[in-house]
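Residue strings, one per chain:
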Amino acid sequence: MKRTVIFFFTLLYPVLLFSQILNLDRTVEVDSSYNSKKKYAAILGASFYSVQQKYSFIDESLTYDFTHYLPKNHILVLSGKTNITSSGNTVFQNMGFAHLRYRDNDTRKFSAEPFTQYQWNHTLGLIQRYLLGCNLRVQLLNNTKMDIYYGLGVMYENEQWNYDGVINPDLIPIDWKVIKNDFYKTNQYVKAAISLSDNCDVVSAIFLQNKIDDFMNTYRLSNYTTFNIRINSKFYFAISGDISYDNKPVVPIKNTFYSMVSSLSLRL
């Protein structure tokens with residue numbers, strides 16, 4: 001029974017949000033009069049599950065998205081996620097991120113998009129990762145049924161890794177030390193959102209990051225797709241999937257990771 005529960009939650013919750021720049025646009029919007037009356041908006045989602053067997057099994061997850069509407073059609077967005085899964089003293093998953101960015105509220109053809117992010121995934125050996133960068137955000141298409149955006153920029157990445165996520169013990173050095181890296185990378189993305197109805201849409205985005213000093217040989221490619229349903233003005237349901245490929249991971253872990261998750265969120 002214990003293994004069955006662990007396997008079930010491993011399927012339900014993301015294994016890794018590995019793409020370095022996450023597209024955090026909320027896609028199912030309320031009517032414009034709602035935004036005009038408020039300077040702040042928030043979407044919150046949380047779950048907690050506990051089973052007492054030989055050892056206690058606990059799974060906790062929290063997602064959040066806070067938006068501050070600024071003058072001249074700009075917004076400041078803080079988004080993030082944490083997820084911890086454990087049984088007794090064993091932690092199966094400990095990951096999360098916090099992402100802050102400033103951008104145009106979908107009104108300009110060209111706009112700057114500065115951002116910063118903190119990320120961790122202790123299960124895979126990512127102790128921490130800091131990102132700081134800026135994109136040029138280009139509006140390719142924007143109408144009532146679809147919008148498409150392209151982003152191009154550079155970013156600074158500072159990260160620390162250990163070997164906790166390496167499966168093959170032969171690949172772990174005997175006297176290993178924490179690996180500390182500093183990188184400058186290019187960042188590109190294409191994001192498309194399609195409105196299927198007044199309360200339902202689909203969003204998909206592709207991201208590509210390359211090291212500036214090794215542009216052709218070192219890259220990370222990722223995609224996420226989300227299907228959103230607005231139940232009413234307060235509650236949202238979504239099914240999301242993402243996949244990421246890193247051709248040269250810092251430590252010898254898998255090159256490809258993927259996840260799928262369903263969520264119910266509350267808008268404040």
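The rules we used
- Residues numbered from 1 in each chain as written.
- Predicted model: local features only at pLDDT ≥ 70, side-chain atom pairs only at ≥ 80, totals over all residues.
- Heavy atoms only, no water.
- Helix = DSSP H or I, 4+ residues; strand = E, 2+ residues; numbered from the N terminus.
- Buried < 20%, exposed > 50% of the residue type's maximum accessible area, 1.4 Å probe, protein only.
- Contact = heavy atoms within 4.5 Å.
- Areas by Shrake-Rupley, 256 points an atom, 1.4 Å probe, with all protein chains shown as cover.
- Core = buried A, V, L, I, M, F, W, Y, C linked by side-chain atoms within 4.5 Å.
- Patch = residues over 30% accessible without salt bridge, like charges linked within 9 Å, V, L, I, M, F, W, Y side chains within 5 Å.
- Salt bridge = Lys/Arg side-chain N within 4 Å of Asp/Glu carboxyl O.
- Pairing = 2+ DSSP bridges.
- Polar contact = N/O pair within 3.5 Å; in protein donor to acceptor, adjacent residues only side chain to side chain.
- pLDDT = per-residue confidence, 0-100.
- Phe/Tyr/Trp six-rings, centres within 6.5 Å; stacked < 30°, edge-to-face > 60°.

A. Representation of the overall build of the protein chain within the structure. Tallying secondary structure elements over the protein chain gives two helices and twelve strands in all. Along the protein chain, helices and strands appear, N-terminal first, in the series α-α-β-β-β-β-β-β-β-β-β-β-β-β. Counting the 268 residues in the protein chain, one finds 45% classified as buried. Contacts in the protein chain between residues far apart in sequence, at least 24 positions, make up 57% of those at least 6 positions apart. Total accessible area on the protein chain stands at roughly 14300 Å², and carbon and sulfur atoms take up 62% of it.

B. Structural view of the nonpolar core. In terms of nonpolar packing, the biggest core is built from eight residues, these being Leu 124, Leu 126, Trp 161, Tyr 163, Val 166, Val 251, Ile 253 and Phe 257. Judged by nonpolar contacts, the second largest core, of six residues, contains Tyr 189, Ala 193, Phe 207 and Tyr 224.

C. Molecular detail of a nonpolar patch on the surface. Taken together, the side chains of Leu 44, Phe 66, Leu 76, Leu 78, Leu 100, Tyr 102 and Leu 268 present a nonpolar region at the surface, about 520 Å² in accessible area. Listed by contribution, the elements that provide at least two residues to the nonpolar patch are β3 (74-87) and β4 (90-104). Mapped onto the secondary structure, Tyr 102 falls in strand β4.

D. Looking closely at the pattern of salt bridges. Following the criterion strictly, the structure yields eleven salt bridges and no others. Ionic pairing is found between Glu 157 and Arg 129, a salt bridge with its closest N-O pair at 4.0 Å. Taken together, the residues Glu 157 in strand β7 (residues 146-161) and Arg 129 in strand β6 (residues 126-142) connect sequence positions 28 residues apart. Residue Glu 157 shares its accessibility class with Arg 129, and that shared class is buried. Residue Asp 147 is joined to Lys 191 by a salt bridge in which the shortest nitrogen-to-oxygen separation is 2.9 Å. Of the two residues, Asp 147 is situated in strand β7 and Lys 191 in strand β8 (residues 179-197); the sequence distance between them amounts to 44 residues. Classification of Asp 147 as buried rests on a relative accessible area of 15%.

E. Focus on the pairing of β6. Relative to β6, strand β5 (residues 110-121) is paired through eleven bridges, and the arrangement is antiparallel. Among the inter-strand pairings, Ser 111 is bridged to a residue of β6, identified as Arg 137. Once β5 ends, the chain turns through four residues before running back antiparallel as β6, passing Gly 125 with a positive phi of about 100°. Between β6 and the antiparallel strand that follows it, β7, lie three residues.

F. Main features of the environment of Asn 142. Positionally, Asn 142 belongs in strand β6. Residue Asn 142 is classed as partly exposed on the basis of its relative accessible area of 36%. With sequence-adjacent residues up to four places away left out, Asn 142 is seen in contact with Asp 106, Asp 147 and Tyr 149. In this structure the side chain of Asn 142 is engaged in a polar contact, spanning 3.4 Å, whose partner is the backbone oxygen of Asp 106. At 3.2 Å, the side chain of Asn 142 and the side chain of Tyr 149 are in polar contact.

G. Highlighting the confidence of the model for the protein chain. For the protein chain, the average pLDDT comes to 84, and 85% of its residues sit at 70 or higher. In the predicted structure, residues 26-35 sits below a pLDDT of 50 and forms 26 contacts with residues beyond four places in sequence or in another chain.

H. Structural view of the packing of aromatic side chains. Counted according to the given criterion, the structure contains eight aromatic pairs. Relative to Tyr 184, the ring of Tyr 156 has its centre 5.3 Å away and its plane inclined at 50°; by these criteria the two rings are tilted. Within this pair, whereas Tyr 156 is found in strand β7, its partner Tyr 184 is found in strand β8, the two being separated by 28 residues in sequence. Accessibility expressed as a relative area gives 54% for Tyr 184, which makes it exposed.

I. Here's a closer look at the side chain of Lys 185. With respect to the secondary-structure elements, Lys 185 resides in strand β8. For Lys 185, a relative accessible area of 6% translates into the label buried. In this structure the side chain of Lys 185 is engaged in a polar contact, spanning 3.5 Å, whose partner is the side chain of Glu 157.

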